[in-house]
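What follows is the residue order along each chain.
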Amino acid sequence: MAERKLLVLFGSQTGTAQDTAERIGREAKRRHFQCRVEVLDSYDVASLINELLVVFVCATTGQGDPPDNMKMFWRFLFRKNLPPGSLCQLDYAVLGLGDSSYPKFNFVAKKLHKRVLQLGGNPLLPVALGDDQHDLGPDAVVDPWLLALWDKILALYPLAPGLEVISPDVRLPPKYTLHYLAEDSPHPDGGLLQPTPPRAVPSELHPFAARMVSNQRVTAESHFQDVRLIEFDVTGSGIMFSAGDVVMIQPQNCPEDVQQFCQLLRLDPDRHFVLKPVEPGTSLPALLPQPCTIRHLVTHYLDISCVPRRSFFELLSYFSTNKLEREKLQEFSSAQGQEELYSYCNQPRRTTLEALWDFPHTTCAIPPEYLLDLIPRIRPRAFSIASSMLAHPDRIQILMAVVRYKTRLSKPRRGLCSTWLASLNPEQGDVRVPLWVKKGGMKFPADPDTPVIMIGPGTGVAPFRAAIQERVAQGCRGNCLFFGCRQKSKDFYCQAEWEELVTKGFLTLFTAFSRDQEEKVYVQHRIQENRRLVWELLSGGSTHVYLAG
């Protein structure tokens, strides 16, 4: 009988595709498959020719782009020299996650499906096109598609005689077991910022512990929004970047939330533990030191402030000893309960920590080894770099709005990363922030004589500040900026800097202060008023136009 092996490969930007891939992995285990779930870029793509059964789960980002963690796979797959029949032994299926309000809806999934077919693969089903815009989200497509997929797969790989599909009432084992160390055992103190290997350029697995140099509020105290200009020192990191690039920052949970979480789950934050994979071949979480404390795990790794997904409630229901709580959790994890879950979780942006508060009997019964299955890891946040290395060598600056808004919940919602960064005060000692740099989607012209029109309302001006600093350092004068904000006196970021460049002849600046007069004025009104100049620049044929929100 054919070996019952399934490989699930995913490319995920926000975590939804990863969550779906892990769901398929759990469903495979219930059907007694040996199953690996891997991110596309950590999989050795040359081994694809030896695989017999693969499910691809991939999101589409931006304007039809693949997620960052499948870009290398994507480049390899579309190499011209791959022989047409190279995947002829592969049975495959592609599940796409996208948003139909974008023109290139599920572009990556469609293109991947077609390319594997070209290379000789045998599709088990038509590509699934999950849609974020649907009332029930992508699950409206995913649920029925998965039922059909398992029918197909079980027809090819039937269960061995005497084996049954493991009932949904049975809890699957965790990914890792957690072993507490004796209180008196010696343990090296592992920090999140483990030393970067020598000469390695900082990356997600090896971030650089940059010193925060300054953290300055650039909006008036009376303004409703708190916006910061923050500077980091990256001396000695080997980080290089140009205008348009992005800095990735790894945030952490605040001490109050960590303390609350540990109290709710009755965990001792200072206990040390080591993790061991349950199945051979499962790698340990890359960013966790071994041994590790509970406090470190909850502070730096578990995303207790994210809005929980359906899979969270499904796993939680297995731990529940309370009938009422268990019924509610089962409803939230059923296909019929998705509208209810949406209005409980997604609409008010309820956090994982708040959801745990609402199920106290269940929460105190969560076995610690399931924490890594239950709660996803904290994802890094991306910020446009707002400075140029030519103007500020060994420094990275960002322009960041502190995220804070109200929903129907009594407590205001706060952005994890922006709230944490805003709370740091470099004047009170050595403040370190884990970061690395990534190529951005904006490229500015190499020829200094090429004129550039930049339209950057609000914090959207950040990448243009980097570009203008860079171009001014190279002596370029053809810089035209349209900037918009609410009030000249409250949120006109970098006003003195722009005015000095205008005086020196390096910058043509148009501003729109929407609330400074009766009728609202936005950047598009200023573009229309200056249409002659804009057309003059555009009709020259070489002008580049950039827009950032």
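Rules of the game
Residues numbered from 1 in each chain as written. Predicted model: local features only at pLDDT ≥ 70, side-chain atom pairs only at ≥ 80, totals over all residues. Heavy atoms only, no water. Helix = DSSP H or I, 4+ residues; strand = E, 2+ residues; numbered from the N terminus. Contact = heavy atoms within 4.5 Å. Patch = residues over 30% accessible without salt bridge, like charges linked within 9 Å, V, L, I, M, F, W, Y side chains within 5 Å. Areas by Shrake-Rupley, 256 points an atom, 1.4 Å probe, with all protein chains shown as cover. Salt bridge = Lys/Arg side-chain N within 4 Å of Asp/Glu carboxyl O. UniProt positions renumbered as here; feature names shortened; annotations may be inferred. Domains from an automatic or database assignment. Buried < 20%, exposed > 50% of the residue type's maximum accessible area, 1.4 Å probe, protein only. Pairing = 2+ DSSP bridges. Axes fitted to C-alpha atoms, helices over the stretch in contact; angles between N-to-C directions. Parallel < 35°, antiparallel > 145°, perpendicular 65-115°, else oblique. Nonpolar A, V, L, I, M, F, W, Y, C, P; charged D, E, K, R; others polar. Phe/Tyr/Trp six-rings, centres within 6.5 Å; stacked < 30°, edge-to-face > 60°. Lys NZ or Arg CZ within 6 Å of the ring centre and 35° of its normal. Polar contact = N/O pair within 3.5 Å; in protein donor to acceptor, adjacent residues only side chain to side chain. 1 Å grid on protein atoms, 1.4 Å probe; cavity = no way out; pocket = protein on both sides within 12 Å on 5 of 7 lines; lining within 4 Å. Points joined across faces, edges and corners; volume = space filled by probe spheres on them. Expected span 1.5 Å × (residues − 1).

A. Looking closely at the environment of valine 227. The topology assignment puts valine 227 in strand 9 (residues 227-233). Each C-alpha atom of the pair valine 227 and glutamate 183 lies 44 Å from the other, and the pair is 44 residues apart in sequence. Ignoring sequence-local partners within four residues, the contact set of valine 227 consists of Gln216, Arg217, Val218, Thr219, Leu399, Met400, Ala401, Thr459 and Tyr493.

B. Broad picture of a nonpolar patch on the surface. A contiguous nonpolar patch, built from Trp535, Leu538 and Val545 and spanning about 310 Å² of accessible area, is present on the exposed surface. You can see leucine 538 is positioned in helix 18 (residues 531-539).

C. Focus on the UniProt feature "domain: Flavodoxin-like" (unreviewed entry) in the protein chain. UniProt's entry tags residues 6-150 with the feature "domain: Flavodoxin-like" (unreviewed entry), counted in the numbering of this structure. End-to-end, the C-alpha atoms of residues 6-150 are 12 Å apart, and along that stretch the chain is 32% helix and 23% strand.

D. Geometry of the domain arrangement of the protein chain. Domain boundaries in the protein chain define domain 1 (5-156), domain 2 (257-374) and domain 3 (452-547). Using only C-alpha atoms to locate each centre, domain 1 and domain 3 end up separated by 43 Å.

E. Inspection of the side chain of serine 317 at higher detail. Position of serine 317 among the secondary structure elements: in helix 7 (residues 310-319). Since its relative accessible area comes to 8%, serine 317 is described here as buried.

F. Geometry of the pairing of strand 17 (residues 432-438). As paired elements, strand 8 (residues 208-217) and strand 17 share 4 bridges and run antiparallel to each other. Note on strand 17: the bridge partner recorded for phenylalanine 208 is leucine 435. The pairing of strand 10 (residues 246-249) with strand 17 spans 4 bridges and is antiparallel. Following the sheet pairing, isoleucine 249 is matched in strand 17 by leucine 435.

G. Focus on the packing of helix 8 (residues 323-332) against helix 9 (residues 338-346). The interhelical angle for the contact between helix 8 and helix 9, taken along N-to-C directions, is 105 degrees, at an axis separation of 8 Å. Taken together, the axis directions place helix 8 and helix 9 in an arrangement best described as roughly perpendicular. The segment helix 8 lies against helix 9, with Lys328, Glu331 and Phe332 engaging Gln338, Glu340, Leu341 and Tyr344. Its residues placed into classes, the contact of helix 8 with helix 9 shows 3 nonpolar, 1 polar and 3 charged.

H. Broad picture of the UniProt feature "domain: FAD-binding FR-type" (unreviewed entry) in the protein chain. Mapped onto this structure's residue numbering, the UniProt feature "domain: FAD-binding FR-type" (unreviewed entry) falls at residues 205-445. For residues 205-445, the helix share is 29%, the strand share is 21%, and the end-to-end C-alpha distance is 32 Å.

I. The packing of aromatic side chains, seen in detail. Within this structure, the stated rule accounts for 15 aromatic pairs. Arranged with centres 6.1 Å apart and planes meeting at 40 degrees, the rings of phenylalanine 56 and phenylalanine 73 form a pair that is tilted. Placement of phenylalanine 56 in strand 3 (residues 53-59) and of phenylalanine 73 in helix 2 (residues 71-77) is noted, with a sequence separation of 17 residues between them. On the basis of an interplanar angle of 70 degrees and a centroid distance of 5.2 Å, the ring pair of phenylalanine 313 and phenylalanine 332 is categorised as edge-to-face. Of this pair, phenylalanine 313 sits in helix 7 while phenylalanine 332 sits in helix 8, and the two are 19 residues apart along the sequence. The pair formed by phenylalanine 313 and phenylalanine 332 is uniform in burial state, with each residue classed as buried. Among the aromatic residues, ring-to-ring pairing joins Phe312, Phe313, Phe332 and Tyr344 into one connected group. One residue, lysine 111, lies across the ring of phenylalanine 78, its end atom 5.0 Å from the ring centre. Above the plane of the ring of phenylalanine 506 lies arginine 477, whose end atom (NZ or CZ) is 4.4 Å from the centre.

J. Summary view of the sheet that holds strand 9. Spatially, the 6 strands line up as an open sheet ordered 13-10-17-8-9-14, and their pairing is antiparallel. The open sheet has two free edges, formed respectively by strand 13 (381-384) and strand 14 (395-401), since each of these has just one partner strand. Neighbour to neighbour, the strand axes of the sheet diverge by 40 degrees on average, direction disregarded. Packed onto the sheet, helix 13 (residues 416-423) meets strand 8, strand 9, strand 10, strand 13, strand 14 and strand 17 and runs at close to 115 degrees relative to strand 14.

K. Structural detail: the environment of glutamate 325. Along the chain, glutamate 325 turns up in helix 8. Given a relative accessible area of 8%, glutamate 325 falls into the buried group. A sequence separation of 55 residues divides glutamate 325 from aspartate 270, and the C-alpha atoms of the two residues are 30 Å apart. Filtering out sequence-adjacent residues up to four positions away, glutamate 325 remains in contact with Ser320, Asp358, Phe359, Pro360, His361 and Thr362. Side-chain polar atoms of glutamate 325 contact the side chain of threonine 362, separated by 2.5 Å.

L. Focus on the layout of surface pockets. In this structure, the second largest pocket encloses a volume near 240 Å³. In terms of lining, the second largest pocket is formed by 18 residues, of which the most central are Gly484, Cys485, Arg486, Asp491 and Ser514. Residues of the lining of the second largest pocket, tallied by class, amount to 9 nonpolar, 6 polar and 3 charged.

M. Layout of helix 1 (residues 16-30). Spanning 15 residues, helix 1 covers 21 Å between terminal C-alpha atoms, matching the ideal 21 Å at 1.5 Å per step. For helix 1, the set of buried residues is Ala17, Thr20, Ala21, Arg23, Ile24, Gly25, Glu27, Ala28 and Arg30. In this structure, the buried residues of helix 1 make contact with strand 1 (5-11), strand 2 (34-39), strand 3, strand 4 (91-98), helix 4 (139-156) and helix 7. Once helix 1 ends, the next one or two residues include histidine 32, with phi positive near 65 degrees.

N. Just the pattern of salt bridges, in detail. Taken as a whole and assessed by the stated rule, the structure comprises 29 salt bridges. Between lysine 175 and glutamate 22 there is a salt bridge, with its nearest N and O atoms 3.5 Å apart. Placement of lysine 175 in the loop between helix 4 and strand 7 (176-180) and of glutamate 22 in helix 1 is noted, with a sequence separation of 153 residues between them. By relative accessible area, lysine 175 is classed as partly exposed at 31%. We classify glutamate 22 as partly exposed; its relative accessible area is 25%. Put simply, glutamate 331 and lysine 328 hold a salt bridge, and the shortest N to O gap is 3.3 Å. Linking glutamate 331 with lysine 328, this pair stays in helix 8, spanning 3 residues, or about one helical turn. Taking the relative accessible area as the measure of exposure, glutamate 331 reaches 31% and is therefore partly exposed. Among the residues examined, lysine 328 registers a relative accessible area of 27% and is labelled partly exposed. Within the structure, one salt-bridge network assembled from shared partners comprises Arg23, Glu27, Asp139, Asp143 and Arg310.

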